[in-house]
Amino acid sequence: MNYVFTIAENQLEELVDYYQEDETLVKDPYIYKVFATSKLRVTVYKTLKVMLQGEDALQDYQMWSDIFGFTADVGVTEATKAKGFAKPRYYQTAAVGSDEVGTGDYFGPVVVTAAYVKPTDISALEALGVRDSKKMTDETIQSIGADLIKNYEHVTLVLDNPKYNELIAQGYNLNKIKAYLHNHALAKCLKQISGKTEYIIVDQFCSKELYFEYVKDVPYVVKDITFLERAESEHLAVALASVISRYTFLEKMRALSESVKINLPFGAGPAVDIIGEIVAKKHGIETLNLLAKTHFKNHERILERCHK
Ligand code: MN
(Lines give C-alpha, C1' and ligand atoms only; values in the text may rest on other atoms or scores of the structure.)
Protein backbone atom coordinates (compact mmCIF):
# COMPACT_ATOMS: atom_id res chain seq x y z
CA MET A 1 0.00 0.00 0.00
CA ASN A 2 1.23 3.51 -0.84
CA TYR A 3 0.67 6.53 1.37
CA VAL A 4 0.81 10.02 -0.04
CA PHE A 5 0.72 13.35 1.75
CA THR A 6 1.67 16.90 0.94
CA ILE A 7 4.03 18.89 3.12
CA ALA A 8 4.63 22.60 3.48
CA GLU A 9 7.91 24.09 2.29
CA ASN A 10 9.09 24.67 5.88
CA GLN A 11 8.52 20.98 6.75
CA LEU A 12 10.80 19.73 4.00
CA GLU A 13 14.02 20.10 5.98
CA GLU A 14 12.75 18.07 8.92
CA LEU A 15 11.59 15.25 6.67
CA VAL A 16 14.82 15.18 4.67
CA ASP A 17 16.84 15.35 7.87
CA TYR A 18 15.05 12.34 9.27
CA TYR A 19 15.73 10.12 6.27
CA GLN A 20 19.00 11.60 5.01
CA GLU A 21 21.18 8.58 5.81
CA ASP A 22 19.12 6.48 3.38
CA GLU A 23 19.26 8.80 0.41
CA THR A 24 19.34 7.04 -2.97
CA LEU A 25 20.25 8.83 -6.15
CA VAL A 26 17.43 8.88 -8.66
CA LYS A 27 17.39 10.84 -11.90
CA ASP A 28 13.89 12.09 -12.51
CA PRO A 29 12.97 15.71 -13.27
CA TYR A 30 9.87 15.49 -11.06
CA ILE A 31 11.60 13.98 -8.05
CA TYR A 32 13.41 16.01 -5.43
CA LYS A 33 14.82 13.12 -3.38
CA VAL A 34 14.38 9.39 -2.77
CA PHE A 35 15.26 7.54 0.42
CA ALA A 36 15.23 3.76 0.56
CA THR A 37 15.79 0.99 3.08
CA SER A 38 14.79 -2.65 2.84
CA LYS A 39 11.44 -1.80 4.46
CA LEU A 40 10.63 1.66 3.20
CA ARG A 41 10.86 3.83 0.12
CA VAL A 42 10.24 7.54 0.47
CA THR A 43 9.81 9.61 -2.67
CA VAL A 44 9.75 13.37 -2.26
CA TYR A 45 8.43 15.11 -5.36
CA LYS A 46 9.29 18.66 -6.33
CA THR A 47 5.60 19.47 -5.84
CA LEU A 48 6.19 18.67 -2.11
CA LYS A 49 4.14 15.49 -2.34
CA VAL A 50 5.64 12.63 -0.37
CA MET A 51 4.98 8.98 -1.17
CA LEU A 52 5.74 6.18 1.30
CA GLN A 53 5.93 2.57 0.13
CA GLY A 54 6.86 -0.70 1.79
CA GLU A 55 6.45 -2.56 5.04
CA ASP A 56 7.14 0.49 7.25
CA ALA A 57 5.09 2.92 5.14
CA LEU A 58 2.00 2.99 7.32
CA GLN A 59 3.99 3.43 10.51
CA ASP A 60 5.90 6.39 9.10
CA TYR A 61 2.76 7.84 7.54
CA GLN A 62 1.17 7.93 10.98
CA MET A 63 4.32 9.37 12.53
CA TRP A 64 4.37 12.28 10.03
CA SER A 65 0.66 12.82 10.52
CA ASP A 66 1.42 13.26 14.26
CA ILE A 67 4.37 15.54 13.65
CA PHE A 68 2.99 17.67 10.83
CA GLY A 69 -0.59 17.59 12.04
CA PHE A 70 -2.36 16.29 8.95
CA THR A 71 -5.11 13.70 9.19
CA ALA A 72 -3.83 10.26 8.27
CA ASP A 73 -6.13 8.83 5.68
CA VAL A 74 -6.16 5.15 6.56
CA GLY A 75 -9.19 2.92 6.87
CA VAL A 76 -10.20 1.87 10.37
CA THR A 77 -8.96 -1.64 9.83
CA GLU A 78 -5.61 -0.42 8.51
CA ALA A 79 -5.22 1.93 11.46
CA THR A 80 -6.11 -0.75 13.98
CA LYS A 81 -3.79 -3.15 12.26
CA ALA A 82 -0.98 -0.62 12.43
CA LYS A 83 -1.47 -0.10 16.17
CA GLY A 84 -1.36 -3.81 16.83
CA PHE A 85 1.22 -4.87 14.30
CA ALA A 86 3.52 -1.97 13.53
CA LYS A 87 5.88 -2.96 16.33
CA PRO A 88 5.03 -6.62 16.68
CA ARG A 89 8.22 -8.23 17.78
CA TYR A 90 9.94 -6.09 20.32
CA TYR A 91 7.89 -3.17 21.57
CA GLN A 92 6.20 -5.01 24.45
CA THR A 93 9.29 -6.89 25.63
CA ALA A 94 11.90 -6.21 28.31
CA ALA A 95 15.02 -4.97 26.58
CA VAL A 96 18.29 -3.17 26.94
CA GLY A 97 18.76 -0.76 24.04
CA SER A 98 21.62 1.51 23.06
CA ASP A 99 21.97 4.64 20.99
CA GLU A 100 24.52 7.40 20.48
CA VAL A 101 24.56 11.12 19.76
CA GLY A 102 27.16 13.70 18.85
CA THR A 103 28.76 11.92 15.91
CA GLY A 104 27.53 14.54 13.42
CA ASP A 105 28.53 17.52 15.56
CA TYR A 106 31.93 19.17 15.14
CA PHE A 107 31.75 20.53 18.68
CA GLY A 108 31.14 18.31 21.67
CA PRO A 109 31.69 14.71 22.71
CA VAL A 110 30.19 11.45 21.49
CA VAL A 111 27.71 10.10 24.02
CA VAL A 112 26.42 6.53 24.10
CA THR A 113 23.75 5.25 26.46
CA ALA A 114 22.40 1.77 27.10
CA ALA A 115 19.03 1.81 28.88
CA TYR A 116 16.70 -0.83 30.27
CA VAL A 117 12.94 -0.71 29.67
CA LYS A 118 10.43 -3.36 30.66
CA PRO A 119 6.77 -3.58 29.62
CA THR A 120 5.53 -1.96 32.86
CA ASP A 121 7.61 1.17 32.03
CA ILE A 122 6.00 1.71 28.64
CA SER A 123 2.94 3.77 29.54
CA ALA A 124 4.89 6.19 31.75
CA LEU A 125 7.56 6.70 29.10
CA GLU A 126 4.94 7.21 26.40
CA ALA A 127 3.13 9.72 28.63
CA LEU A 128 6.39 11.67 29.02
CA GLY A 129 6.63 11.73 25.23
CA VAL A 130 9.83 9.68 25.07
CA ARG A 131 10.63 8.73 21.48
CA ASP A 132 13.49 9.16 19.04
CA SER A 133 15.40 12.17 20.45
CA LYS A 134 15.72 13.55 16.91
CA LYS A 135 11.93 13.92 16.94
CA MET A 136 11.86 15.81 20.26
CA THR A 137 12.78 19.40 20.97
CA ASP A 138 15.83 20.09 23.14
CA GLU A 139 13.54 21.99 25.52
CA THR A 140 11.44 18.85 26.12
CA ILE A 141 14.57 16.74 26.51
CA GLN A 142 15.98 19.21 29.01
CA SER A 143 12.75 19.26 30.97
CA ILE A 144 12.45 15.48 31.41
CA GLY A 145 16.10 14.34 31.14
CA ALA A 146 17.06 14.60 34.78
CA ASP A 147 14.02 12.55 35.85
CA LEU A 148 14.71 9.89 33.25
CA ILE A 149 18.30 9.60 34.49
CA LYS A 150 17.08 9.24 38.06
CA ASN A 151 14.26 6.79 37.39
CA TYR A 152 15.45 4.36 34.73
CA GLU A 153 18.36 1.98 34.81
CA HIS A 154 20.99 2.97 32.27
CA VAL A 155 24.68 3.47 31.63
CA THR A 156 25.96 6.55 29.81
CA LEU A 157 29.47 6.83 28.40
CA VAL A 158 30.93 10.14 27.29
CA LEU A 159 33.88 10.08 24.94
CA ASP A 160 35.37 13.54 25.35
CA ASN A 161 37.05 15.34 22.47
CA PRO A 162 40.74 14.86 23.36
CA LYS A 163 40.22 11.11 23.69
CA TYR A 164 38.12 10.96 20.52
CA ASN A 165 40.76 12.84 18.54
CA GLU A 166 43.45 10.55 19.89
CA LEU A 167 41.52 7.44 18.75
CA ILE A 168 41.02 8.91 15.28
CA ALA A 169 44.75 9.70 15.14
CA GLN A 170 45.44 6.05 16.02
CA GLY A 171 43.46 5.03 12.94
CA TYR A 172 40.10 4.14 14.49
CA ASN A 173 37.16 4.92 12.25
CA LEU A 174 33.93 6.35 13.60
CA ASN A 175 32.04 3.05 13.41
CA LYS A 176 34.74 1.23 15.35
CA ILE A 177 34.57 3.88 18.04
CA LYS A 178 30.80 3.55 18.15
CA ALA A 179 30.99 -0.24 18.33
CA TYR A 180 33.40 -0.06 21.28
CA LEU A 181 31.18 2.38 23.13
CA HIS A 182 27.96 0.47 22.48
CA ASN A 183 29.56 -2.79 23.57
CA HIS A 184 30.93 -1.25 26.75
CA ALA A 185 27.68 0.52 27.67
CA LEU A 186 25.62 -2.62 27.01
CA ALA A 187 27.97 -4.79 29.06
CA LYS A 188 27.86 -2.42 32.04
CA CYS A 189 24.11 -1.98 31.81
CA LEU A 190 23.41 -5.73 31.58
CA LYS A 191 25.55 -6.29 34.65
CA GLN A 192 23.62 -3.65 36.60
CA ILE A 193 20.02 -4.38 35.90
CA SER A 194 17.84 -6.35 38.24
CA GLY A 195 15.06 -7.56 35.91
CA LYS A 196 15.12 -10.01 33.04
CA THR A 197 16.07 -9.01 29.51
CA GLU A 198 14.50 -10.56 26.43
CA TYR A 199 16.35 -8.52 23.82
CA ILE A 200 19.50 -6.46 23.49
CA ILE A 201 18.80 -3.91 20.78
CA VAL A 202 21.29 -1.65 19.04
CA ASP A 203 20.26 1.15 16.72
CA GLN A 204 22.09 -0.19 13.70
CA PHE A 205 24.93 1.92 12.31
CA CYS A 206 26.84 -0.75 10.40
CA SER A 207 26.37 -4.39 9.43
CA LYS A 208 26.28 -7.02 12.16
CA GLU A 209 29.41 -8.65 10.73
CA LEU A 210 31.36 -5.39 10.80
CA TYR A 211 30.16 -4.61 14.32
CA PHE A 212 31.52 -7.88 15.71
CA GLU A 213 34.69 -7.48 13.68
CA TYR A 214 35.24 -4.08 15.34
CA VAL A 215 34.83 -5.42 18.88
CA LYS A 216 36.59 -8.75 18.41
CA ASP A 217 39.62 -7.76 20.53
CA VAL A 218 37.61 -6.37 23.42
CA PRO A 219 37.86 -8.54 26.56
CA TYR A 220 34.10 -8.80 27.03
CA VAL A 221 31.85 -8.83 23.97
CA VAL A 222 28.08 -8.63 24.39
CA LYS A 223 26.57 -11.17 22.01
CA ASP A 224 22.97 -11.92 20.95
CA ILE A 225 22.38 -8.38 19.79
CA THR A 226 19.36 -7.51 17.68
CA PHE A 227 20.39 -4.79 15.24
CA LEU A 228 17.46 -2.71 14.01
CA GLU A 229 17.16 0.23 11.67
CA ARG A 230 15.42 3.18 13.33
CA ALA A 231 15.43 1.17 16.52
CA GLU A 232 14.24 4.22 18.47
CA SER A 233 10.74 3.49 17.22
CA GLU A 234 11.04 -0.28 17.63
CA HIS A 235 11.68 -0.25 21.36
CA LEU A 236 11.47 2.42 24.04
CA ALA A 237 14.78 1.26 25.54
CA VAL A 238 16.50 2.64 22.46
CA ALA A 239 14.34 5.78 22.47
CA LEU A 240 15.16 6.31 26.14
CA ALA A 241 18.85 5.73 25.41
CA SER A 242 18.71 8.34 22.65
CA VAL A 243 16.99 10.89 24.92
CA ILE A 244 19.41 10.37 27.82
CA SER A 245 22.33 10.61 25.40
CA ARG A 246 21.02 13.85 23.92
CA TYR A 247 20.36 15.27 27.40
CA THR A 248 23.91 14.45 28.46
CA PHE A 249 25.28 15.89 25.22
CA LEU A 250 23.38 19.15 25.81
CA GLU A 251 24.81 19.38 29.34
CA LYS A 252 28.34 18.82 28.04
CA MET A 253 27.86 21.39 25.29
CA ARG A 254 26.73 23.88 27.91
CA ALA A 255 29.84 23.25 29.98
CA LEU A 256 32.13 23.50 26.95
CA SER A 257 30.40 26.72 25.84
CA GLU A 258 30.84 28.08 29.35
CA SER A 259 34.56 27.22 29.29
CA VAL A 260 35.16 29.41 26.23
CA LYS A 261 32.41 31.93 27.00
CA ILE A 262 30.72 31.49 23.66
CA ASN A 263 27.69 29.43 22.62
CA LEU A 264 28.99 26.51 20.60
CA PRO A 265 26.67 25.56 17.74
CA PHE A 266 25.46 22.03 16.93
CA GLY A 267 26.01 20.20 13.68
CA ALA A 268 28.65 20.91 11.07
CA GLY A 269 27.22 23.86 9.16
CA PRO A 270 28.57 27.34 8.36
CA ALA A 271 27.88 28.65 11.89
CA VAL A 272 30.34 26.08 13.19
CA ASP A 273 33.13 27.48 11.00
CA ILE A 274 32.46 31.03 12.14
CA ILE A 275 32.36 30.18 15.85
CA GLY A 276 35.35 27.86 15.44
CA GLU A 277 37.39 30.73 14.04
CA ILE A 278 36.37 33.00 16.91
CA VAL A 279 37.28 30.36 19.50
CA ALA A 280 40.64 29.65 17.84
CA LYS A 281 41.55 33.33 17.62
CA LYS A 282 40.55 34.00 21.20
CA HIS A 283 41.90 30.90 22.95
CA GLY A 284 44.41 29.43 20.50
CA ILE A 285 43.96 26.78 17.83
CA GLU A 286 44.95 23.95 20.18
CA THR A 287 41.86 24.71 22.28
CA LEU A 288 39.79 23.17 19.49
CA ASN A 289 41.25 19.79 20.38
CA LEU A 290 39.47 20.05 23.73
CA LEU A 291 36.12 21.04 22.25
CA ALA A 292 35.82 19.60 18.78
CA LYS A 293 36.28 16.61 16.50
CA THR A 294 39.31 17.77 14.60
CA HIS A 295 39.01 15.34 11.68
CA PHE A 296 35.86 17.11 10.46
CA LYS A 297 36.14 19.18 7.27
CA ASN A 298 35.09 22.16 9.40
CA HIS A 299 38.44 21.99 11.15
CA GLU A 300 40.44 22.52 7.95
CA ARG A 301 38.22 25.42 7.01
CA ILE A 302 38.63 26.98 10.44
CA LEU A 303 42.42 26.69 10.21
CA GLU A 304 42.31 28.31 6.78
CA ARG A 305 40.19 31.16 8.09
CA CYS A 306 42.64 31.72 10.93
CA HIS A 307 45.63 31.89 8.59
CA LYS A 308 44.07 34.38 6.23
MN1 MN B 1 20.75 6.26 16.44
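Residues numbered from 1 in each chain as written. Predicted model: local features only at pLDDT ≥ 70, side-chain atom pairs only at ≥ 80, totals over all residues. Heavy atoms only, no water.

Undergrad: Explain the pairing of strand 7 (residues 110-117) to me, using residue names and the numbers behind them.
TA: In terms of burial, strand 7 is largely enclosed, as eight of its eight residues are buried. Burial along strand 7 is two-sided: Val110, Val112, Ala114 and Tyr116 and Val111, Thr113, Ala115 and Val117, pointing in opposite directions, are all buried. Pairing of strand 6 (residues 95-101) with strand 7 involves seven bridges; the strand directions are antiparallel. Directly across from valine 101, in strand 7, lies its bridge partner valine 111. (Buried < 20%, exposed > 50% of the residue type's maximum accessible area, 1.4 Å probe, protein only. Helix = DSSP H or I, 4+ residues; strand = E, 2+ residues; numbered from the N terminus. Pairing = 2+ DSSP bridges.)

Undergrad: Please give an account of the sheet that holds strand 7 that cites residues and values.
TA: Strands sit in the order 8-7-6-9-10 across an open sheet of five strands; the sheet is mixed. The sheet is open, and its two edges are formed by strand 8 (154-159) and strand 10 (225-228), each paired on a single side. Strand-to-strand twist of the sheet, defined as the mean angle between neighbouring strand axes without regard to direction, takes the value 20°. With four bridges connecting them, strand 6 and strand 9 (residues 199-203) associate as parallel partners. Across the sheet, residue valine 96 finds its bridge partner in strand 9, namely isoleucine 200. Sitting on the sheet, helix 7 (residues 174-192) touches strand 6, strand 7, strand 8, strand 9 and strand 10, and the angle it makes with strand 8 is about 150°. Across the sheet, helix 9 (residues 236-260) lies against strand 6, strand 7, strand 8 and strand 9, angled at about 35° from strand 6, the strand it touches most. (Axes fitted to C-alpha atoms, helices over the stretch in contact; angles between N-to-C directions. Contact = heavy atoms within 4.5 Å.)

Undergrad: Describe in detail helix 6 (residues 161-169), supporting the description with residues and values.
TA: If you check which residues of helix 6 are buried, you get Asn161, Tyr164, Asn165, Leu167 and Ile168. One face of helix 6 carries all of its buried residues, which in axial projection span an arc of 160°. For helix 6, the N-terminal cap is aspartate 160; the gap from its side-chain oxygen to the backbone nitrogen of lysine 163 is 3.3 Å. Positive phi shows up at glycine 171, right after helix 6, with a value of about 100°. (Arc of directions from axis to C-beta. Polar contact = N/O pair within 3.5 Å; in protein donor to acceptor, adjacent residues only side chain to side chain.)

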